[in-house]
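# Reading the structure
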Amino acid sequence: MSHVYLGYHFTVEPKELGSEILVAELGEKPFESFVETDLGVIAYIKKEDWQENILEDVFILKSPEFTIKYHVEEIEPVNWNEEWEQNFSPIEVDDRCYIRAPFHEPKNVPFEIVIEPKMSFGTGHHETTFLVLEQLLDTNLQGKSTLDMGCGTAILAILAAKKGANPIDAVDIDPWCYENSLENVAKNDCAHIQVYQGDASWLTNQKYDVIIANINRNILLEDIPTYVTCLNDKGLLFLSGFYSEDISYISKCCEEQGLQLVKTTEKNNWIAMQWIKN
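Below you will find a few notes about this structure. (Residues numbered from 1 in each chain as written. Predicted model: local features only at pLDDT ≥ 70, side-chain atom pairs only at ≥ 80, totals over all residues. Heavy atoms only, no water.)

## Some remarks on the sheet that holds strand β5 (residues 91-93)
Inclusion rule: The rule for pairing is simple: two strands pair if DSSP sees at least two bridges between them. Every helix listed is a DSSP run of H or I at least four residues long, and every strand listed is a run of E at least two residues long, numbered separately from the N terminus. Axis definition: a line fit to C-alpha positions, over the contact stretch in the case of helices; interaxial angles, taken between N-to-C directions, run 0 to 180 degrees. In this analysis, two residues are considered to be in contact whenever any of their non-hydrogen atoms come within 4.5 Å of each other.
Here three strands make up an open sheet; going across it, the order is β5-β6-β7 and the pairing mixed. Either end of the sheet is taken by a strand with one partner, and the two such strands are β5 and β7 (111-114). Strand-to-strand, the axes of this sheet are offset by a mean angle of 15°, without reference to chain direction. Inspection of the sheet shows strand β6 (residues 97-100) paired to β7 by four bridges, in the parallel sense. Residue pairing in the sheet places Ile-99 in a bridge with Ile-113 of β7. Strands in contact with helix α4 (residues 155-162) are β6 and β7; relative to β7, the strand with the most contacts, it is inclined by about 145°.

## Concerning the packing of helix α3 (residues 127-137) against α4
Spelled out, the test is: Here the angle decides the label: under 35 degrees means roughly parallel, over 145 means roughly antiparallel, 65 to 115 means roughly perpendicular, and every other value means oblique. Should the near helix be turned anticlockwise from the far one by less than a right angle, the crossing is termed left-handed; should it be turned clockwise, right-handed. Amino acids outside the nonpolar list (Ala, Val, Leu, Ile, Met, Phe, Trp, Tyr, Cys, Pro) and the charged list (Asp, Glu, Lys, Arg) are all regarded as polar, and Gly is one of them.
The N-to-C vectors of α3 and α4 enclose an angle of 15°; their axes lie 10 Å apart at closest approach. With respect to α4, the axis of α3 lies roughly parallel. The element α3 and its partner α4 pack so that their crossing is right-handed. Residue-level inspection shows Thr-129, Val-132, Leu-133, Leu-136 and Leu-137 of α3 in contact with α4, the latter providing Ile-155, Leu-156 and Leu-159. In terms of residue class, the contact of α3 with α4 is made up of seven nonpolar, one polar and no charged.

## Concerning helix α7 (residues 247-256)
Stated formally: Each residue's exposure class comes from its accessible area (1.4 Å probe, protein chains only) as a fraction of the maximum for that residue type: buried when under 20%, exposed when over 50%, partly exposed otherwise. Taken from the helix axis, the directions to the C-beta atoms give the arc we talk about.
Of all the residues in α7, the buried ones are Ile-250, Ser-251, Cys-253 and Cys-254. Buried residues of α7, seen end-on, are gathered within an arc of 165° and therefore sit on one face of the element. Along α7, exposed side chains directed more than 90 degrees from the buried face belong to Lys-252, Glu-255 and Glu-256. Immediately downstream of α7, the backbone of Gly-258 shows phi near 85°, a positive value.

## Quick word on unusual backbone geometry
Put simply, Glu-13 and Pro-14 share a cis peptide bond, and its omega is -10°. The amide bond that connects Asn-166 to the next residue, Pro-167, takes the cis arrangement and shows omega of -5°. In this fold, Pro-167 is placed in the loop between α4 and β9 (168-172). Even without being glycine, Asn-268 reaches a positive phi, approximately 50°. Assignment of secondary structure puts Asn-268 in the loop between β13 (259-267) and β14 (270-277). Looking at Asn-268, the relative accessible area reads 57%, which means it is exposed.

## Focus: the layout of surface pockets
Think of a ball as big as a water molecule: rolled over the atoms, this probe shows where empty space is left. Keep this limit in mind: Any residue with an atom within 4 Å of a point lines the site, the site being either a cavity, points on a 1 Å grid over the protein atoms alone where a 1.4 Å probe fits but cannot get out, or a pocket, an open set with protein on both sides within 12 Å along at least 5 of 7 lines. Grid points are joined across faces, edges and corners, and a volume is the space filled by probe spheres set on the points.
By volume, the largest pocket amounts to about 810 Å³. Forming the walls of the largest pocket are 36 residues, and the residues nearest its centre are Glu-20, Gly-150, Asp-172, Asn-214 and Ile-215. If one sorts the elements of the lining of the largest pocket by residue count, helix α1 (residues 15-26) sits on top with six residues. Of the residues belonging to the lining of the largest pocket, the class tally is 16 nonpolar, 13 polar and seven charged.

## Description of the environment of Ile-193
Within the secondary structure, Ile-193 is located in strand β10 (residues 193-197). With a relative accessible area of 5%, Ile-193 lands in the buried category. Put simply, Ile-193 and Asp-148 are 45 residues apart on the chain and 9.8 Å apart in space, counted from C-alpha to C-alpha. Those residues in contact with Ile-193, other than ones at most four positions away along the chain, are Ala-157, Ile-158, Ala-161, Ile-168, Ala-170 and Val-185.

## Focus on helix α5 (residues 175-187)
The following threshold applies: In a helix, the anticipated span is given by 1.5 Å times the number of residues less one.
The terminal C-alpha atoms of α5, which comprises 13 residues, lie 19 Å apart, in line with the 18 Å expected from a rise of 1.5 Å per residue. Those residues of α5 that fall on the buried side of the exposure criterion are Trp-176, Cys-177, Asn-180, Ser-181, Asn-184 and Val-185. Axial view of α5: buried residues confined to an arc of 155°, hence all on one face. Tucked inside the fold, the buried residues of α5 contact β7, α4, β9 and β10. Two residues or fewer past α5, Asp-189 is found with a positive phi of approximately 55°.

Here's what the structure looks like:
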């Protein structure tokens, strides 16, 4: 059955944290998919599911901390698989990892990941995801117990599994991300990944050799002490989701927790850092 969709084009300032919160709130409503843009995000909803007051209780739209504007367009019925095929391009990381949608042809690389491109957050297109993928490719994960916190599409957990990490927990507070992670884990035959819905308060007595957190600066600063508590001795903590201007804040927090810096990588002013618990 064909459907008419409405596309909400949001411009968000500041973009990174604002878009993440906005998508989380809209995900509680009948919006079906989200696409990251240079200025913010586009949210799609079936016209038949739309209501005039649908944005009334979206709290971030009233927050003085963010400036959010939007316009709405009506989209005639289209073949959405065709649209994604035209707009979603595969990603290759250092000739070693290839991220593609189910409609792309496979490629002969050491690690291939198939992701349903229902939204661009966590597909590998964003610099922070790409940076963490690079660092994981350079890390021995064989037999390492691993946590992917704020997993999004679970792409990082999936790469860890393909590199031999076991067992793996993938956790995200957003219900859409939880469902999409389950789908992607199954699609990549990653039996050792368990997906959970929650945030850092979900962590109680768990212990890990590797913790990955690609979120944003404010959440990282709040949750790093919890991550360190859950990290085994000589365990690795991968952090991303922040800008180069935030390095001093992240470093201070990690050093106060007794962590030692292993590596810092940068792409387009986005940062990924790797720390070790001694």
